[in-house]
Structures are given as structure tokens and as C-alpha cells.
Amino acid sequence: MRMDNDIEKILFTSEDIKTAVQKLGQKLTKDYQDKNPVVVGILRGAAPFMIDLVRAMDCYLEIDFIDVSSYGDATESSGAVTILKDIDSDVTGRHVLLVEDIVDTGRTLEKLLELFSGRGAASVKVCSLLDKPERRIANVTADYVGLSVPNEFVVGYGLDFRQQYRNLPYIGVLKPEIYQD
Ligand code: PRP
């Protein structure tokens, strides 16, 4: 791919990702078997993961999406989280599973956990493909994590730099010259 030239190194191949998603799917299938959860994908980064994850879950469920933005086009979280599009479902008394591509500072998750708990959900849990624990500021953890990443600028499989690279089938580290100019 032409975008490959912008990548310094690959952290997880598409096979690594597939294995991690299948593992999460099996665990979630067990945990949500009779719960008919509302699985909420957090746009835009979680979209590819969400689509693969729900197909790895063998149980009744509903899907919905919420669009929040914390980074804008910057590489660092600003701390401010804006809801751009809310879910359409009523989650009162429902089991909610939030699906993230990455938990970085944790600020987005903190805000979303607050929001969904306030809506009377029976339970609110989080499944994140990636975790970057070194960067955590907010005191939150995902209940289900696929893979842990070092403190580097990662793109691919949903993760972007200036809205690009989300369609890479793998997860890699961007060459510094790409984001430093
Ligand atoms: C990214 C990512 C998470 C959040 C994690 O979203 O998808 O939602 O940042 O960062 P945090 O733990 O520091 O809050 P972003 O706002 O960049 O939007 P996107 O999903 O459209 O890329």
C-alpha cells in the first residue's frame, strides 16, 4: 500500500488483530449470553473494530453509535470531550457495552461512563481493542482489552492521523517526519 511508506514499524499485523478480536468475541459471548446488550461503537476510530467484534459475538445484541471528539486534528488529547452525535437507543435498564479503539488518557471514557451511568443503564462496561496505560490521566480502565500499546503515535485499523490511515489493515507507528512537519 502507498500508505505503508509513512509507517515506521508495524506493531500488530491483521492476523494479530484478528486473533485478539476473536478472543474478545468469545469472552463477550459468554458474558453477554442472556443479556441482549446495546453495543455502542464510539465513532469514528472504533468503527472497523466494532464491525469485526460484533460478528465475533454469538449472542443477541443491538448496535448503536455515538460520535465524540476529544482530539480534533491534534495528536494530543485536549481534555475537552464533545458529543457530536448521540445514540438513538433508550438504554434504561439495558446492559451497555461501549466499544473503543484505544484508551489513551482515559478522558473520553471517563466522560462516557458518566453519561451512560446517568441514563439508568443496568450495567456499563467497556471493550477497547488497544490500551495505552502509560498515558493514563483519568482513573478509568476498560473491562475488556485486546492489546496493549507503548506510548507511540499509532495509526491503522480505525486509528487516524488527520483523518488518514484508518483503513490500514494493521496497526503501526507513524514515522515522526509525517506528524512533525
Ligand atoms: C480517540 C479514540 C478514543 C479517544 C481516546 O478519539 O478513538 O475515543 O481518542 O483518547 P483519550 O483516552 O485520551 O480520551 P478521537 O477524539 O481522536 O476521535 P476519532 O475516534 O474520530 O479518531
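Since this is a predicted model, take the numbers as computed values, not measurements. (Residues numbered from 1 in each chain as written. Predicted model: local features only at pLDDT ≥ 70, side-chain atom pairs only at ≥ 80, totals over all residues. Heavy atoms only, no water.)

Draft legend 1. Quick look at the environment of Asp 16. When you line up the elements, Asp 16 lands in helix α1 (residues 14-31). Spatially, the C-alpha atom of Asp 16 lies 9.3 Å from that of Leu 147, the residues being 131 residues apart in sequence. (Helix = DSSP H or I, 4+ residues; strand = E, 2+ residues; numbered from the N terminus.)

Draft legend 2. Region of interest: the site of the ligand. The environment of the ligand is formed by 18 residues, the closest being Glu 100, Asp 101, Thr 105, Gly 106 and Thr 108. Asp 104 places a polar main-chain atom, nitrogen or oxygen, 2.8 Å from an oxygen atom of the ligand. One of the backbone N or O atoms of Gly 106 is found 2.7 Å from an oxygen atom in the ligand. Contact with the protein chains hides 93% of the accessible area of the ligand, taken as 500 Å² for the molecule alone. Listing elements by their share of the shell around the ligand, those giving two or more residues are β5 (95-103) and α3 (107-117). When residues in the shell around the ligand are grouped by element, the largest group, four residues, is from β5. Among the residues making up the shell around the ligand, the classes are represented as four nonpolar, seven polar and seven charged. (Near = heavy atom within 4 Å. Polar contact = N/O pair within 3.5 Å; in protein donor to acceptor, adjacent residues only side chain to side chain. Areas by Shrake-Rupley, 256 points an atom, 1.4 Å probe, with all protein chains shown as cover. Nonpolar A, V, L, I, M, F, W, Y, C, P; charged D, E, K, R; others polar.)

Draft legend 3. Broad picture of the nonpolar core. Phe 49, Leu 53 and Leu 130 are the most contacted members of the largest nonpolar core, which has 30 residues in total. Mapped onto this core, the elements with two or more residues apiece are α1, α2 (47-55), β5, β6 (123-131), β7 (144-148) and β9 (171-174). Counting residues per element, this core draws most heavily on α1, which supplies five residues. Dropping the residues within four chain positions of it, Leu 53 is found in contact with Val 21, Leu 24, Gly 25, Leu 28, Val 99 and Cys 127. (Core = buried A, V, L, I, M, F, W, Y, C linked by side-chain atoms within 4.5 Å. Buried < 20%, exposed > 50% of the residue type's maximum accessible area, 1.4 Å probe, protein only. Contact = heavy atoms within 4.5 Å.)

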